[in-house]
Amino acid sequence: MTDRRDLTFEDLLRNAGVAEAQSRLERLAPDPATLPPSELERRRGSAARAGGGGGCGSGSCGCGSSAPSNTLLDKPLDRRQALGTLFGALAVTTQAVGACSPVSMESDEEREAKLLERDEFFKGNYRLMTPEEQTETVRRLERLAHLRGQGDVQIRTDQALEGVMYGYAFNISKCKGFRNCVEACVQENNLDRPSDRQYIRIFEKPDGESIDDLEHADATYGHEVPAEGHYYLGTQCFQCANPPCVYVCPVQATWQEPDGIVVVDYDWCIGCRYCMAACPYWARRFNWSEPEVPAEQLNPRQHYLGNRARKKGVVEKCTFCIQRTREGRLPACAEACPTGARVFGNLLDPDSEIRWVLEHKQVFRLKEDLGTEPRFWYYMD
Amino acid sequence: MNSRLYPAVVAAWVLAAIVAVAASLARGSVAVQHDTEALPTLEPGSRVRASFETEDTLPSALAGVVAEAVHADWTGPGGRPFYVAVRSRSDVDYRHRQIGRSTWYLGLRITPPPLVTESCASCHAAQGRVDGRTGRESEEVHQNIQPVHPRQTGAECLTCHSAENPGRLNTGSAGTVELDHAYQLCAQCHFQQVESWSYGAHGKRLVGWRGRRVVMGCADCHDPHAPGTESRAPWAGVQLPGRLSGGSHEGGEVAAGAAQGHGGSHD
């Protein structure tokens, strides 16, 4: 038996998962019989070099090396694709061995889920995907949710609407601190229930006290509201036009969309939490554990960049309910507010409600001196 | 050039122009998505019926919100017309909204103000008399009304309700208006609030941020006879059976967060 250290990448491929590799090859590569002789010769030569200058690939060693596997190695593969193929082949072999073993309890569905998970693991950054690849990953995620018993979800990939820049205004004269917005947000965005994850915080401040001093404001009040002599102010992600969280991300897992929404690719985030340190508004949340939502409460209308299932070890945040707003609906918090304190609309439309508020009311933003340019304004009647 | 080729050349040019125009149209010629899109303008006073169900500019996801709205007599931002939802003729109470998997009631009262399901005239005949249908006194019939606002302002029923037909409201200069246009009555005193309302800084918009602008009327959130906000307990977070209070490994961070005013939600 060959020493493992002597195995080349090609050997690994061949030994690990013949079935998987072959089926892939048949799909990827043209039939060698149709190739011109010169091309066939060139491929053989390069494969021989890859294989260490002899032995396999030459066709004379009888180890079963075939033209298709050479063709695969000649294809321009990037590291991600190559690793994906390799591990996929390994997984298939493991499963094949497992299937033959009498103690295997793995069902077809478990096997399918594993394959889907493999494909998900080796996919690229969402921003670099073609629309077809985006659709593929979404189909995989939907199927995985089904296989894992998380219900039938629909994940959308709606792009930003043209000519739209979302803006938000919050009326501190109207907010009464009921926290209906928080509850709606939790339900709409499938936030983790066991850790009581919330994107929105409502602060209670005594009348006349400065807005700048939120550090000492109470966001945990439990008494009946509105309390006499107090006003209320909500914070969430402000979708800054100059977002420090985006600049510090070392892997570009978070970015700003053309409509101004700052999003996270949960499958690209490495959980370093730099963005959380950079955000001056404490708008981002980290998943210390696998988020859990009871199946009967799961919101199945999802967006890839929004309320779809997150995993342990990644950062998430408010996206102005991207799954709703890109359909023309209002964010859940604005929809649920019983006092009408929340105004949402298109900043680029001079006839929008939000523009009227900005032009006719006294508005301010939090920590404006930092230059983050939040797209979230507070106003008073 | 052979003159017989001219028609072909011209045809090619025309074809190329058409293709270019079509391509530019396909890329989207609309520069700005208007909150209030240029839908056919309806006559003042006219009603929108199908708008919530089959609104051409709204995505199908919004279908199912069934309500009727009346063209407001005033205009909103940019001088555009807007619509006020009509409670009495709605198939569903649109004050209840679906968010996630839950249904929400929107309004300032714990108990929603009742919908006007019967016409006032079914009891009140012409000339403001109560006809013989029930025979009861009006105080008894209307005892569900808390007359907080009238007591505060020294008003009585007929200050706002028309004596000829209580289903219409007195607006002074403008004569009487239907209940659907109650904002005109409210504006007699609360002109600042109603101005903010008609431009979107006060009150609530229905359906979505774009498309035909339909807003809730004053009496959808405020009980007209007791318009203030009722105090109540705020939502207290997720209550799961067996949930540990304080968390395990999160403890340190929650404590730190609370010290910085970060409480209320855990990291």
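Provided above is the structure to which this section pertains.
Please read all numbers here as calculations on a predicted model, not as lab measurements.

What counts, and at which threshold
Residues numbered from 1 in each chain as written. Chains lettered and ligands numbered in written order. Predicted model: local features only at pLDDT ≥ 70, side-chain atom pairs only at ≥ 80, totals over all residues. Heavy atoms only, no water. Helix = DSSP H or I, 4+ residues; strand = E, 2+ residues; numbered from the N terminus. Buried < 20%, exposed > 50% of the residue type's maximum accessible area, 1.4 Å probe, protein only. Contact = heavy atoms within 4.5 Å. Areas by Shrake-Rupley, 256 points an atom, 1.4 Å probe, with all protein chains shown as cover. Salt bridge = Lys/Arg side-chain N within 4 Å of Asp/Glu carboxyl O. Patch = residues over 30% accessible without salt bridge, like charges linked within 9 Å, V, L, I, M, F, W, Y side chains within 5 Å. Lys, Arg positive; Asp, Glu negative; His and termini not counted. Charge placed at Lys NZ, Arg CZ, Asp CG, Glu CD. Phe/Tyr/Trp six-rings, centres within 6.5 Å; stacked < 30°, edge-to-face > 60°.

## Details of the overall build of chain B
Logical step 1: The number of helices and strands found in chain B is 9 helices and 8 strands.
Logical step 2: Across the 267 residues of chain B, 36% fall into the buried class.
Logical step 3: Of the contacts made within chain B by residues no fewer than 6 positions apart, 53% connect residues no fewer than 24 positions apart.

## What about the overall build of chain A?
Logical step 1: Along its length, chain A carries 13 helices and 12 strands.
Logical step 2: Across the 381 residues of chain A, 53% fall into the buried class.
Logical step 3: Within chain A, counting contacts between residues at least 6 apart in sequence, those at least 24 apart form 67% of the total.
Logical step 4: Element-wise, carbon and sulfur atoms account for 54% of the exposed surface of chain A, whose accessible area totals about 17100 Å².

## Quick look at unusual backbone geometry
Residues and elements named next belong to chain A.
Logical step 1: P226 follows V225 through a cis peptide bond whose omega is 0 degrees.
Logical step 2: Mapped onto the fold, P226 is located in the loop between β3 (201-206) and β4 (230-235).
Logical step 3: In the Ramachandran plot, N190 falls in the positive-phi region, its phi being about 55 degrees despite a non-glycine side chain.
Logical step 4: Here the phi dihedral of D196 falls at roughly 55 degrees; this positive angle occurs in a residue that is not glycine.
Logical step 5: Taking the relative accessible area as the measure of exposure, D196 reaches 5% and is therefore buried.

## Describing the pattern of salt bridges
All names here are of chain A.
Logical step 1: Scanning the entire structure with this criterion turns up 29 salt bridges over all chains.
Logical step 2: Ionic pairing is found between E120 and R140, a salt bridge with its closest N-O pair at 2.9 Å. In this pair, E120 is assigned in helix α6 (residues 108-121) and R140 in helix α7 (residues 131-147), connecting sequence segments 20 residues apart.
Logical step 3: Owing to a relative accessible area of 14%, R140 belongs among the buried residues under this scheme.
Logical step 4: For the salt bridge of R156 with D158, the shortest nitrogen-to-oxygen distance reads 3.1 Å.
Logical step 5: Through salt bridges with shared partners, one network takes in E120, K123, R140, D265, D267, R308 and K311.

## So, a negative patch on the surface
Logical step 1: Together, D212(A), D213(A), E215(A) and D369(A) make up a negatively charged patch on the protein surface.
Logical step 2: Residue D212(A) is classed as exposed on the basis of its relative accessible area, which comes to 66%.

## Some points on the packing of aromatic side chains
Residue and element names in this part refer to chain A.
Logical step 1: One pass over the full model with this rule turns up 20 aromatic pairs over all chains.
Logical step 2: Where F286 meets W288, the ring centres are 5.0 Å apart and the plane angle is 80 degrees; that geometry is what we call edge-to-face.
Logical step 3: Owing to a relative accessible area of 8%, F286 belongs among the buried residues under this scheme.
Logical step 4: Given the relative accessible area of 30%, W288 is considered partly exposed.

On their own, these measurements won't tell you what the molecule is for.
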